[in-house]
Each structure stands twice: as C-alpha cells, then as structure tokens.
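Examining the three-dimensional arrangement
Below are the chains, spelled out letter by letter.
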Amino acid sequence: MHKVDFEMVEMTLDVMKYAIGRLTHPAPELGKPKKEEELKALVGETITPLGIGGEKAFNLFKDELLKATVPIDHPRHLAFVPASPTKAAVMFDLVTSASSIHGAYWMEGAGGIFCENEAMKWLVSLTGLPSGAFGVFTSGGTAANLSAMVTAREYWRKNPDNRNKKGIIITSSGAHSSVKAMAKVIDCDVLLVETEEEMTAKALQEKIASLDPLERQRLFAIVATGGTTNAGIIDDLWGIGKLCEEEHLWFHVDAAYGGGALASEKARPLFKGLEKADSITIDPHKWLFSPYDCGAILYKQPELAKEAHSQEGSYLEIFNDEGARGFNPSDYQIQLTRRVRGLPLWFSLAVHGTDKYAWAVERGMELAQIAGELITKNPLVELVRDPSLSCVLFRRVGWTAQDYRGWTYKNHREGFALVTPTKYKIAGKFETVARFCFINPATTQEDIAMILESME
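This section reports on the structure supplied with the text. Just so we're clear, the structure is a prediction, and the values are computed from it rather than from any experiment.

1. Digging into the pattern of salt bridges
- Inspection of the entire model under this criterion finds 23 salt bridges.
- With its nearest N and O atoms 3.0 Å apart, the salt bridge here joins D447 to R76. A residue pair is termed long-range when its members are at least 10 positions apart, and D447 in helix α16 (residues 445–453) and R76 in the loop between α3 (54–65) and α4 (87–99) qualify at 371 residues.
- Exposure remark for R76: the relative accessible area of 17% places this residue in the buried category.
- E431 is the salt-bridge partner of R395, the closest N and O atoms lying 2.8 Å from each other. Here R395 is found in strand β9 (residues 391–396), whereas its partner E431 is found in strand β11 (residues 429–437), with 36 residues between them in sequence.

Shown next, in the form of structure tokens:
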C-alpha cells in the first residue's frame, strides 16, 4: 500500500481535480449534518478486510459525506468564529501534508521550521512585545492557552512555598470556554470577574482584594481577553497589565479570535497594553486566513516556556548535540509530535504580502459596521450593543429563544446561511440574541441584507 502504481496515479489526479475545483468554486454548497444512521445507510461499510478501493472511497466522501459538512469559508457562514483561508494557504496545506515534515525538532524539520519562524516573527512584531519575545504554532487556542498556563504555573512554582499548592486563575465570565477547560487539565481553580463586557483593572483589583490570604497565595495568573468570542470585546489590557506587574502575577491575553485584528494598523490602538503580556494566544486559523488547525502561543520570555515544556528521554538526547542544534518548537508548548502547521500561513504571507492581510481584516470590521447600520434602519431588529471588532449582537423584536433556533435551522436546512443565536447578559439577565461574526471578505452587504430579511 506504499507503492506508487497506476491506481495511485489515477487517485492522485482525482484528488487534485477535486482540490482545484474546490479552490476555484466561488460559493461552495452549505451542507448540513445528517444522523449517523442516515450516513451509514448512504455509504455502508467503508472499513473492510480487503478495502473498498480508492475510487469508491473518494466518491463516497465527495458525493455523500461532504454534503453533511458545513464549509467554514461560505460567505454566509457567520456563526461561531468562522474562517476563510486564502487559496494560497489551502494549496500549501496540501504541500505541507505531502512533504511529511516532522515539526518538533530542528534536526528533522529545519527548513519548515524556518518558514514557520519567519511567520512568527511577523506575528510577534504586531503585538509590541519586547525584543526576545517569540512563540510557536499550536493546534489551536485551547492548546495555546494550556501551554501558557503550564508555563505560568511552573514559573510560580519556582518558589518552593508554592510547590504543593493548587493554583488559582482569575478571568472574566466573558472569557472563552477553553480557559475553564484547560484549568481542569492542570488542576487549578478559576475565579470569575462577573462581566460580559470589558473586564476592567478596577473590577479585577476588587476581585483580588476579596480573596482570603490563602487564596491570594494560590493566585498565580490573570487571563484577559483580546476580543471575546461572543461580542468582540477587548478587556482593559493596559490597566490589567499594570495591576499584574504590581501584584507579581502572570498576565496572559487570550486573543485567539481578536488577535487577527493586529494585522491592521488602524486596529492596533484597541489593544493598548498587549505589550505588557507575559503570553498571548492568537489563532491564525481564525482571522489570519489559515486553514485548520493553526493556533499560536507567544511568550515575552520564551526561556520560561522552554523550562516548563522541554521533554527528556534517551531517544531525544541527540537533539542536544551541536550538529542537531536549532529552534525546537516542541520545547515551547505541550505537544511533542507536531506538523509544521505554520507553513500555510508563511506561504500565504509570502505570496500576498502583509498589506493584503491588513485589508482583509479591515473588511471584516467594515462588514460589522455595515451590519450595524442595516440593523439600526430596520424596525424589526435592534442592536444589543455597538459592533466590536467583527462581531455584531442584535435581537429580533418579539422573538423567543425557540424562534431564533427555528430560524437558524430553517436557513441551514435550505442551504441559505448558517447564523446561530447566542446568549448575552443584559441588565443582569441572560437573553437569547442573534450574532454575526465576519471573517470572510467575500461576504457582501447583500448577504447581510438577505439574512436580515429572512427574519421577517
């Protein structure tokens, strides 16, 4: 099965034909999920002792199974945080897979890691972090947040008094769900500043002051958000950064979604104080137009991450030799085995240049403002809050939670759009509302208008 024969050549041509067709298709079909039993009835047994052959397996995927997926780059996919990888990035993802590069150690992956590092230098330059700051690409925001918090905890535990203590992290209730998830993994407690809006330094200071002496000793990190997933809100990064300096706390900024806006010089002032962070999460597979999966974790002092994450083993000793020395991404995050997932970003940046990235990001923010204007002019809908970054929260006057869900499923079922509701705390009470998140610069004002019309 590792030989190159005529059947493999034909299969390669089929795959490339499909890839070319998908890359050049201006509006992919908005598929919808089916129940497992429905899919089983459509394709039957695919894993068998003798195999079903490449042609049959590929046709089952593209003719049946693919239709039960939602393309993240559809111009009317405005739910969650969608994505819109550039064609160059997608093409180079094929090259990345075909090249079979192990991206953990310089000895094996020097050329690929060099490319990743070029992209990382650009990413770090957007943040204002001081000289010496650097980072690595991860599988996504959760892995990046986890890598940062492992580093923060190990740094905290350098103090012998903290070695047997269970740590505490403080974040806001508007922070991403992965903050709580990774806290479970490292077995630390999470305390919340109860706000869906901006977490301020004042509110954080009040939360810290409310801790009893033992809790304060256990507190080792603050997680602020640089663009909440729900509403695009940026916390008071400057004030929180100063407070963390005064309180000797690790300052982490989860900018997995919002960090992409740093590509725009116009948007960078919104992130004042980001340069004070000890670590920053940014997901290029969100607003920097990379294919899944490509997250990134950036460190002010990478050597602290290396102390926390470097692995040891007799089979790894050769990587310490002079002849094998170089930058080893596995030393700075939780994964040992890794693909060079930053390569598609590097290639796309090299092809298009950073100015086009700035334009594409600014178009997302422009679409949010356009949506806000259309909503303001429409008597059937109203803004819940002003658009922030590329997120828009709005309500359909008179609708219940079930109305929003029914509307979502109807539009999805008809292959028209995927726009899902969310919940937002308004006047102390959670309310179900509609939400747009604009990433794809191919989304048009007409798309937005048609989606709003579907609420009539």
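2. As for the packing of helix α1 (residues 6–24) against α3
- Across the interface, α1 lies against α3 with an axial gap of 10 Å and an inter-helix angle of 15°. As far as their axial angle goes, α3 and α1 are roughly parallel. Crossing angle aside, the handedness with which α1 passes α3 is right-handed. Contact with α1, carried on its side by E7, M11, D14, V15 and Y18, involves G54, E55 and F58 of α3 and no other residues of that element.
- Among the residues making up the contact of α1 with α3, the classes are represented as four nonpolar, one polar and three charged.

3. Here we look at the sheet that holds strand β2 (residues 168–172)
- Ordered in space as β1-β7-β6-β5-β4-β2-β3, the seven strands form an open sheet in which the pairing is mixed. A single partner strand is all that each edge strand has here, and the edge strands are β1 (134–138) and β3 (189–193). Geometrically, the sheet is characterised by an average inter-axis angle of 20° between neighbouring strands, direction not taken into account.
- As judged from the three bridges shared by strand β5 (residues 250–254) and strand β6 (residues 279–282), these two strands associate in the parallel manner. Each bridged residue has a counterpart across the sheet, and for V253 the counterpart in β6 is I280.
- Against the sheet, helix α8 (residues 201–209) engages β2, β3 and β4 (219–225), with an angle of about 130° to β3.

4. Focus: the pairing of strand β10 (residues 421–426)
- Bridge count between β10 and β11: six bridges; the pairing is antiparallel. Counterpart to P421 in the pairing with β11 is A434.
- Turn length for the β10-β11 hairpin, with the two strands adjacent in sequence and antiparallel, is two residues, and the turn residue A427 shows positive phi of about 55°.

5. As for the packing of aromatic side chains
- Here the structure, examined in full by the defined rule, presents 16 aromatic pairs.
- When the centroid spacing of 5.9 Å and the interplanar angle of 85° are considered together, the rings of Y18 and F58 count as edge-to-face. Placement of Y18 in helix α1 and of F58 in helix α3 is noted, with a sequence separation of 40 residues between them.
- Over the ring of W238 we find K276; its NZ or CZ atom is 4.4 Å from the centre of that ring.

6. Brief notes about a negative patch on the surface
- On the surface, D5, E7, E10, D14 and E55 cluster together into a patch of negative charge.
- Tallying contributions element by element places α1 first for the negative patch, with three residues.
- Structurally, D5 can be placed in the segment before α1.
- Relative accessible area serves as the criterion here: at 41%, D5 is assigned to the partly exposed category.

7. Quick look at the sheet that holds β9
- Sheet architecture is open: four strands sit in the order β8-β9-β11-β10, paired in antiparallel fashion. Where the open sheet ends on each side, the last strands, each with one partner, are β8 (381–383) and β10. If you compare each strand with its neighbour and ignore which way they point, the axes differ by 50° on average.

Definitions and limits used
- Numbering of residues begins from 1 in every chain and follows the order in which that chain's sequence is written.
- For this predicted model, a pLDDT threshold of at least 70 governs which residues receive local features, and a threshold of 80 or more governs which side-chain atom pairs are given and counted, while totals over whole chains, interfaces and linings are taken from all residues.
- Water and hydrogen atoms were dropped before computing side-chain values, which therefore reflect all heavy atoms in the structure.
- Salt bridges are defined by distance alone: a side-chain nitrogen of Lys or Arg within 4 Å of a carboxyl oxygen of Asp or Glu.
- In this description a helix means any DSSP run of H or I spanning at least four residues, a strand means any run of E spanning at least two, and both kinds are numbered starting from the N terminus.
- Buried residues are those whose accessible area, probed at 1.4 Å on protein chains only, stays under 20% of the maximum for their type, while exposed residues exceed 50% and partly exposed ones sit between those limits.
- Each axis is a line fitted through C-alpha atoms, taken for helices only over the stretch in contact, and angles between the N-to-C directions span 0 to 180 degrees.
- An angle below 35 degrees is treated as roughly parallel, one above 145 as roughly antiparallel, one from 65 to 115 as roughly perpendicular, and anything else as oblique.
- For any pair of crossing helices, the crossing counts as left-handed if the nearer helix is rotated counterclockwise from the farther one by less than a right angle, and right-handed if it is rotated clockwise.
- Should any heavy atoms of two residues lie within 4.5 Å, those residues are considered in contact.
- Side-chain classes are defined by residue name, with Ala, Val, Leu, Ile, Met, Phe, Trp, Tyr, Cys and Pro counting as nonpolar, Asp, Glu, Lys and Arg as charged, and the others, Gly among them, as polar.
- Two strands form a pair only when DSSP identifies at least two bridges running between them.
- Pairs were defined over the aromatic rings of Phe, Tyr and Trp, the Trp ring being its six-membered one, requiring ring centres within 6.5 Å. Orientation was assigned from the angle between planes: stacked under 30 degrees, edge-to-face over 60, tilted for the rest.
- Charge-over-ring contacts are defined here by two conditions on Lys NZ or Arg CZ: a distance within 6 Å of the ring centre and an angle within 35 degrees of the ring normal.
- Here, patches come from residues exposed beyond 30% relative accessible area and free of salt bridges, joined within 9 Å for like charges and within 5 Å for nonpolar side chains (Val, Leu, Ile, Met, Phe, Trp, Tyr).
- Accessible areas in this description were obtained via Shrake-Rupley with a 1.4 Å probe; residue shielding takes into account the shown protein chains only.
- Counting rule for charge: Lys and Arg are taken as positive, Asp and Glu as negative, and neither His nor the chain ends is counted.
- Each charge is placed at NZ for Lys, CZ for Arg, CG for Asp and CD for Glu.

Everything listed is a geometric property; what it means functionally is a separate question.
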